[in-house]
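# Results of the structural survey
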Amino acid sequence: MYDVASSKAEEFISHDEIMDTLAYAEANKHNRELLDSILAKAATYKGLNHREAAVLLVCDLPEYKEKLFNLAIEIKRKIYGDRVVLFAPLYLSNYCINGCVYCPYHSKNRHIKRKKLTQDQIRQEVMALEAMGHKRIVIESGEDPLNNPLDYILDSIKTIYSIKNKHGEIRRVNVNIAACEVEDYKKLHEAGIGTYTLFQETYNKKNYESLHPTGPKSNYAYHTEAMDRAMQGGIDDVGIGVLYGLEHYKYDFVGLLMHAEHLEAKFGVGPHTISVPRICPADDIEVGDFSNAVPDDIFEKIVALIRVSTPYTGMIMSTRESQRMRERGLALGISQISGASRTSVGGYAKEELPEDNSAQFDRSDCRTLDEIVEWILDLGYVPSFCTACYRAGRTGDRFMPLAKSGEISNCCQPNALMTLNEYLLDYASDKTRKTGEAVIKEQLEEIKNQKVKQMAHEYIQQMEHGERDFRF
Ligand code: SF4
Ligand code: SF4
């Protein structure tokens with residue numbers, strides 16, 4: 001029985017409702033009147049529910065795909081402007097007791113090098129990240145109560161926030177660790193984390209169980225209900241996503257939107273971010289082993305549809321994707337990307353030897369952060385290292401009204417320019433600095449609120465004298 005506000009995974013992600021939705025979408029995929037009305041609703045920036053979005057997903061009429069893409073581009077521009085937020089993952093440990101068949105960290109993989117960073121090694125990793133210019137990271141760890149207990153994660157967060165390297169500091173630590181108890185989430189919240197992210201991998205329970213044959217993660221309900229427990233523990237910025245390629249994309253797309261609707265119905269605030277990881281090669285993992293691999297054109301459509309369905313939810317694309325796909329993603333709705341990522345444990349401070357491979361996946365985009373920043377500027381966007389909202393207490397239901405009214409852009413725009421300026425002063429190459437300075441000069445003039453404009457000008461001048469970390 002489908003119940004959007006239920007506490008039970010199998011009720012808020014009802015298999016029957018997903019199958020009914022897909023049948024409804026198939027029956028209506030050429031119903032132009034319905035398709036037009038769905039697009040008209042999306043054009044009001046109110047988002048789409050899973051049934052409406054599914055009709056557009058299944059529709060194969062080229063003109064509707066074009067209309068969808070144009071609308072996604074418009075919504076992205078209107079809500080997120082030119083800003084692209086940058087972050088990097090930090091892998092703490094690849095010890096894991098789970099048996100996820102798509103991940104090289106699965107417990108039966110004997111040829112991957114197992115590593116866990118000590119607090120001192122974390123310090124070195126953070127120094128290396130700060131030396132690049134990163135301000136926002138997401139920590140990643142396998143699930144292993146002996147090697148990576150929660151206390152280890154909490155100690156690591158404390159270490160990360162404590163490292164100041166000249167002007168460098170990590171100002172927001174997001175966390176991507178296994179599902180845990182409400183009490184654990186409370187501790188993570190108290191440790192000052194930004195977003196808690198946990199990918200569902202797939203919403204299809206039967207498939208989920210065969211992809212997760214062993215370990216605590218094999219419990220579908222416990223995993224699917226994790227975000228409810230995180231919210232109960234006080235974390236109101238949560239990030240969701242599926243790993244495209246594990247299940248048929250149509251099923252998981254509908255499940256993903258149902259999950260977002262559930263969080264909104266039960267807690268009054270939907271997910272803060274949606275990520276779009278797609279399965280890619282890794283040690284012991286071949287993409288060809290997964291028959292549901294999603295081709296680029298469908299993947300683009302998924303990105304566009306998530307953007308129009310959840311206009312105020314940030315969207316993240318990692319270095320799993322190529323430069324070309326990330327460029328396309330940025331146009332269609334992606335608001336955050338990782339840059340210069342290392343997907344191995346300890347990969348920032350020291351380049352890994354091939355025989356020491358501890359990476360979770362092979363990167364398709366291996367450029368340096370400076371190259372990424374320059375590329376973003378060349379594309380006409382503004383790279384942003386902003387971390388202001390969670391530090392100003394603008395999270396959960398305090399954040400969403402500001403996002404929905406558009407007021408947040410009064411903060412995002414100057415914050416992007418000021419954090420970009422920090423990057424240019426402290427880390428950029430001459431070429432990137434020159435391009436970036438011209439963009440900042442031009443964009444400062446475009447700030448509509450005169451008071452904000454004047455303050456942003458003043459703050460940027462003060463940065464010339466060594467001051468940092470201004471924010472709205
Ligand atoms: Fe462990 Fe996560 Fe990899 Fe599964 S996906 S094996 S839980 S690290
Ligand atoms: Fe994100 Fe808030 Fe900064 Fe805008 S002001 S970029 S919403 S942290």
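On a predicted model such as this, the values are computed, not experimentally measured, just so you know.

### Some points on the domain arrangement of the protein
What the domain assignment reports for the protein is domain 1 (9-76), domain 2 (81-366) and domain 3 (389-463). The distance between the C-alpha centroids of domain 2 and domain 3 comes to 26 Å. Every contact between the two is made by 22 residues of domain 2 and, on the other side, 20 residues of domain 3. With both chains or domains summed, domain 2 and domain 3 bury close to 1700 Å², and 52% of this area falls on carbon and sulfur atoms. Of all residues in domain 2, R83, R171 and Y312 give up the largest surface area on contact with domain 3, accounting jointly for 37% of the area buried on that side. Our count for the domain 2 to domain 3 interface comes out at 3 salt bridges. The partner of R398 in a salt bridge is D236, with the nearest N and O atoms 3.4 Å apart. Across the domain 2-domain 3 interface, the total number found is 8 residue pairs in polar contact (both at pLDDT 80 or more).

### Describing the site of ligand 1
Inspection of the region around ligand 1 gives C96, N98, C100, C103, Y105, H106, G142, K217 and Q360 as its neighbouring residues. Its residues placed into classes, the shell around ligand 1 shows 4 nonpolar, 4 polar and 1 charged.

### Focus on the site of ligand 2
Neighbouring residues of ligand 2: R136, C386, A388, C389, R394, F399, I408, C411, C412 and N415. Secondary structure elements with two or more residues in the shell around ligand 2: helix 16 (388-391) and helix 18 (409-426). By residue number, the principal contributor to the shell around ligand 2 is helix 18, which donates 3 residues. Its residues assigned to classes, the shell around ligand 2 comprises 7 nonpolar, 1 polar and 2 charged.

### Overview of the packing of aromatic side chains
Tallied over the full model, the rule gives 8 aromatic pairs. Here Y423 and Y427 contribute two aromatic rings whose centre-to-centre distance is 5.9 Å and whose plane-to-plane angle is 35°, an arrangement assigned as tilted. Accessibility assignment for this pair places Y423 and Y427 in one class, buried. Grouping aromatic residues by their ring pairs yields a cluster made of F385, Y423 and Y427.

Cut-offs and rules
- Residues numbered from 1 in each chain as written.
- Chains lettered and ligands numbered in written order.
- Predicted model: local features only at pLDDT ≥ 70, side-chain atom pairs only at ≥ 80, totals over all residues.
- Heavy atoms only, no water.
- Domains from an automatic or database assignment.
- Contact = heavy atoms within 4.5 Å.
- Buried area = accessible area lost by both parts, 1.4 Å probe.
- Salt bridge = Lys/Arg side-chain N within 4 Å of Asp/Glu carboxyl O.
- Polar contact = N/O pair within 3.5 Å; in protein donor to acceptor, adjacent residues only side chain to side chain.
- Near = heavy atom within 4 Å.
- Nonpolar A, V, L, I, M, F, W, Y, C, P; charged D, E, K, R; others polar.
- Helix = DSSP H or I, 4+ residues; strand = E, 2+ residues; numbered from the N terminus.
- Phe/Tyr/Trp six-rings, centres within 6.5 Å; stacked < 30°, edge-to-face > 60°.
- Buried < 20%, exposed > 50% of the residue type's maximum accessible area, 1.4 Å probe, protein only.

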